Amino acid sequence: VNVVESDESFTLQLSPEDPNAVIGSGAGTATVTISEDSNDVVVIGFSDTSLSVPEGSPYVLVDISVISGSLERAVQFEAAITPVNAQAGQDYDDTGFPLSITFDSSTTAISLNITINDDSIFEGDESFVVSLDGSDPATQFNPDSLTVTIVDGDSLIMIVEDSVTVFESSLGANLTITGTGSPTTLTLNFALLDGNATVPDDYPAVSINFFLTVPGSVMETVPIVNDLIPEETESFTVQLRNLANDVLDTATIFIIDDDELAGGIEQASYSVVEGDAFVEVCASFSGTDAVTFNGSLSTSNLLAEDGEDYVGGSVSFTIQNAENRACLNISIIDDSVFENIEDFQVTLTIDSPPPELSLTTTAANVSITDNDVGMVTLIPGISSTTVPEVDMGGLIPVCAQLLTETECEIVLTVTALAGTARQSLFLFLLGGFFCTHT
């Protein structure tokens with residue numbers, strides 16, 4: 001009989017039937033021991049090789065029993081849990097394992113209660129294995145393992161697009177939200193977070209709430225503010241959240257400024273004083289995110305002369321994306337010569353301009369105000385002269401020289417030391433010298 005039992009024994013005793021018979025000096029009893037048959041085994045195993053349990057269940061019951069054979073003595077074995085992709089402590093509780101189990105003639109089955117942990121994280125189905133093992137040669141295990149699969153009760157909710165790029169004039173960016181997993185209807189919302197695009201200048205402060213039926217998808221529009229301000233490409237973050245305010249996914253919205261492609265020199269005229277070290281003339285452009293073009297700023301003489309009044313030059317530049325401004329720094333020469341206000345010109349040139357480019361100011365006038373003082377002297381610079389008196393008004397030549405290049409008004413007054421002053425002379429000089437008579 002296939003019974004797992006301990007060694008057993010019985011006693012033989014000699015009892016004579018003839019009252020005159022006498023048992024000799026040998027023992028009148030004998031003990032017979034029946035050793036356990038090494039071929040006797042008991043098969044212990046699980047009721048199945050696999051089972052599934054919803055994540056929302058508080059626990060899973062794992063049944064272990066004697067499958068074949070019988071027990072008349074105790075046997076010990078061990079049950080252990082090994083994770084597959086489920087995590088101990090996070091998805092299930094393995095406290096107390098490995099677990100020592102004893103079966104005997106009165107205990108031939110047991111149910112293990114393994115706690116399942118419920119969460120709100122979409123993980124997909126996960127599993128662990130319960131296995132049996134023991135060192136008693138009278139025990140065999142079949143099935144010796146059971147795979148427990150935890151069926152995830154959560155939904156995978158995500159934004160399909162990691163990022164979306166839109167033109168400012170589009171007024172909105174579309175995002176697709178998908179859900180997979182257990183059928184349900186979820187209430188979701190978008191939270192909008194500033195990047196270098198900010199609320200309310202680049203996107204409005206709005207609440208975006210919507211429903212998603214799982215499994216399925218829905219498209220929602222994030223509004224964009226269209227302004228007339230030239231800007232570089234800007235971005236902000238969209239967070240997908242549930243009613244518990246958990247962040248389920250994120251996406252980035254990039255806004256390309258598509259205001260009119262236009263530009264030119266920022267001012268039509270610039271004024272500097274001769275003592276200033278330099279003047280900066282800049283050209284700037286808007287709506288340049290989608291185009292690339294080259295250009296230059298260069299100087300040319302008007303009344304001011306390169307090398308005497310300023311240091312001429314040029315600068316070449318490339319306009320693309322956020323690089324939408326170019327400047328030319330022009331040194332001003334400070335001399336000691338009294339001069340009139342002089343000027344020179346800065347010209348903007350675009351190489352192969354895009355057809356949609358609207359140029360405003362392409363030439364700017366830079367005027368230099370002199371910081372020197374003008375000087376006037378009498379010629380020949382004598383302090384007195386003697387001339388003969390002549391009837392009918394003798395003439396005395398009087399000359400004045402203007403030592404600068406500007407225009408000024410000079411008054412020469414004739415004062416009598418003895419006699420009567422005849423006249424005062426008003427001279428208007430423009431460079432060089434001027435003579436009159438008195």
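Nothing here was measured: the structure is a model prediction, and the numbers come from that model.

In spatial order, the strands read β10-β6-β4-β12; together these four strands make up an open sheet with mixed pairing. Strand pairing shows two members of the sheet lacking a second neighbour, β10 (109–115) and β12 (139–141), which therefore form its edges. Neighbour-to-neighbour, the strand axes of this sheet turn through a mean angle of 25 degrees, independent of strand direction. Here strand β4 (residues 42–46) pairs with β12 via three bridges, running parallel. Each residue of the ladder has a partner; that of V43, found in β12, is Q140.

Next up on the list: the nonpolar core. Membership of the largest hydrophobic core comes to 28 residues, with the highest contact counts inside it found for I44, I64, F77, F103, I114, F128 and V148. For F77, the residues in contact, after removing those within four places along its chain, are I44, I64, L99, S100, I101, F103, L132, D133, G134 and F141. The next biggest cluster of nonpolar side chains, apart from the first, holds 27 residues, and it includes V291, A304, L348 and A364.

Let's shift gears to the sheet that holds strand β28 (residues 358–359). Strand pairing in a sheet takes place through backbone hydrogen bonds and is either antiparallel or parallel in direction. The five strands are arranged β24-β26-β22-β20-β28 in an open sheet whose pairing can be described as mixed. Each end of this open sheet is capped by a strand with a single partner; those strands are β24 (310–311) and β28. The pairing of strand β22 (residues 278–286) with strand β26 (residues 325–332) spans seven bridges and is classified as antiparallel. Residue S284 lies in a different strand from β26, and its bridge partner there is R325.

A separate point is the state of the cysteines. Applying the stated rule across the entire model yields one disulfide. One disulfide in the model links C282 with C327; its S-S distance is 1.9 Å. What sets the handedness of the C282 and C327 disulfide is the S-S torsion sign, and at about 105 degrees it is right-handed. Taken together, the residues span a long stretch of sequence, with C282 in strand β22 and C327 in strand β26 at a distance of 45 residues.

Right, let's talk about the environment of D309 for a bit. As for its placement among the helices and strands, D309 is situated in the loop between β23 (292–301) and β24. Considered as a pair, D309 and E274 are 35 residues apart in the sequence and their alpha carbons are 8.1 Å apart. If sequence neighbours within four positions are ignored, D309 has contacts with L303, A304, I332, I333, D335, E339, E342 and I368.

As for its placement among the helices and strands, S367 is situated in strand β29 (residues 363–369). In this structure S367 comes out as buried when scored by relative accessible area, which is 15%. A polar contact of 3.2 Å, which involves the side chain of S367, links it to the side chain of S271. Beyond its immediate stretch of four places on either side in the chain, S367 contacts Y270, S271, V272, I341, E342 and D343.

Our next topic: the pattern of salt bridges. Across all of its chains, the model carries two salt bridges by this definition. One salt bridge in this structure joins R73 and D136, with 3.0 Å as the shortest N-O distance. Here R73, found in the loop between β7 (70–71) and β8 (75–83), pairs with D136, found in the loop between β11 (126–133) and β12; they are 63 residues apart in sequence, far enough to count as distant. The shortest N-O distance in the salt bridge between E266 and R325 comes to 2.7 Å. Here the residue E266 occupies a position in the loop between β20 (262–265) and β21 (269–273), and R325 occupies one in strand β26, the gap between them amounting to 59 residues. Among the residues examined, E266 registers a relative accessible area of 37% and is labelled partly exposed. On the accessibility criterion, R325 (46% relative accessible area) is partly exposed.

Further remarks concern unusual backbone geometry. In this model, N142 is joined to P143 through a cis peptide bond whose omega is -5 degrees. Along the chain, P143 turns up in the loop between β12 and β13 (145–151). The omega torsion of the bond from V199 to P200 falls at 5 degrees, within 30 degrees of zero and hence cis. Non-glycine residue N245 carries a positive phi angle of around 70 degrees. Note that N245 resides in the loop between β18 (234–242) and β19 (247–256). If you check the backbone angles, S352 has positive phi at about 45 degrees while not being a glycine. Relative to the assigned elements, S352 resides in the loop between β27 (342–351) and β28.

On to the packing of aromatic side chains. Following the criterion strictly, the structure yields eight aromatic pairs and no others. Relative to F317, the ring of F285 lies with its centre 6.4 Å away and its plane at 40 degrees, an arrangement referred to as tilted. With F285 in strand β22 and F317 in strand β25 (residues 314–320), this pair connects stretches of sequence that are 32 residues apart. Summarising the burial analysis for this pair, F285 and F317 share the class buried. Through successive ring pairs, a cluster of aromatic residues spans F77, F103 and F141.

Before going further, it helps to spend a moment on the pairing of strand β16 (residues 172–193). With five bridges connecting them, strand β14 (residues 155–159) and β16 associate as antiparallel partners. Looking at β16, one finds that S155 is bridged to G181. Pairing geometry for β16 and strand β17 (residues 208–223), over 15 bridges, is antiparallel. Note that in β17 the partner of I177 across the bridge is V218. Here six bridges tie β16 to β18, and the two strands are oriented antiparallel to one another. Residue pairing for β18: F190 is matched across the bridge by L240.

Per-residue pLDDT for the chain averages 84, and the proportion of residues at 70 or more is 81%. Across residues 421–433, confidence stays below pLDDT 50; counting only partners more than four residues off in sequence or on other chains, it has 42 contacts.

Reading the values: rules and limits
- Residues numbered from 1 in each chain as written.
- Predicted model: local features only at pLDDT ≥ 70, side-chain atom pairs only at ≥ 80, totals over all residues.
- Heavy atoms only, no water.
- Pairing = 2+ DSSP bridges.
- Helix = DSSP H or I, 4+ residues; strand = E, 2+ residues; numbered from the N terminus.
- Axes fitted to C-alpha atoms, helices over the stretch in contact; angles between N-to-C directions.
- Core = buried A, V, L, I, M, F, W, Y, C linked by side-chain atoms within 4.5 Å.
- Buried < 20%, exposed > 50% of the residue type's maximum accessible area, 1.4 Å probe, protein only.
- Contact = heavy atoms within 4.5 Å.
- Disulfide = S-S within 2.5 Å.
- Polar contact = N/O pair within 3.5 Å; in protein donor to acceptor, adjacent residues only side chain to side chain.
- Salt bridge = Lys/Arg side-chain N within 4 Å of Asp/Glu carboxyl O.
- Phe/Tyr/Trp six-rings, centres within 6.5 Å; stacked < 30°, edge-to-face > 60°.
- pLDDT = per-residue confidence, 0-100.

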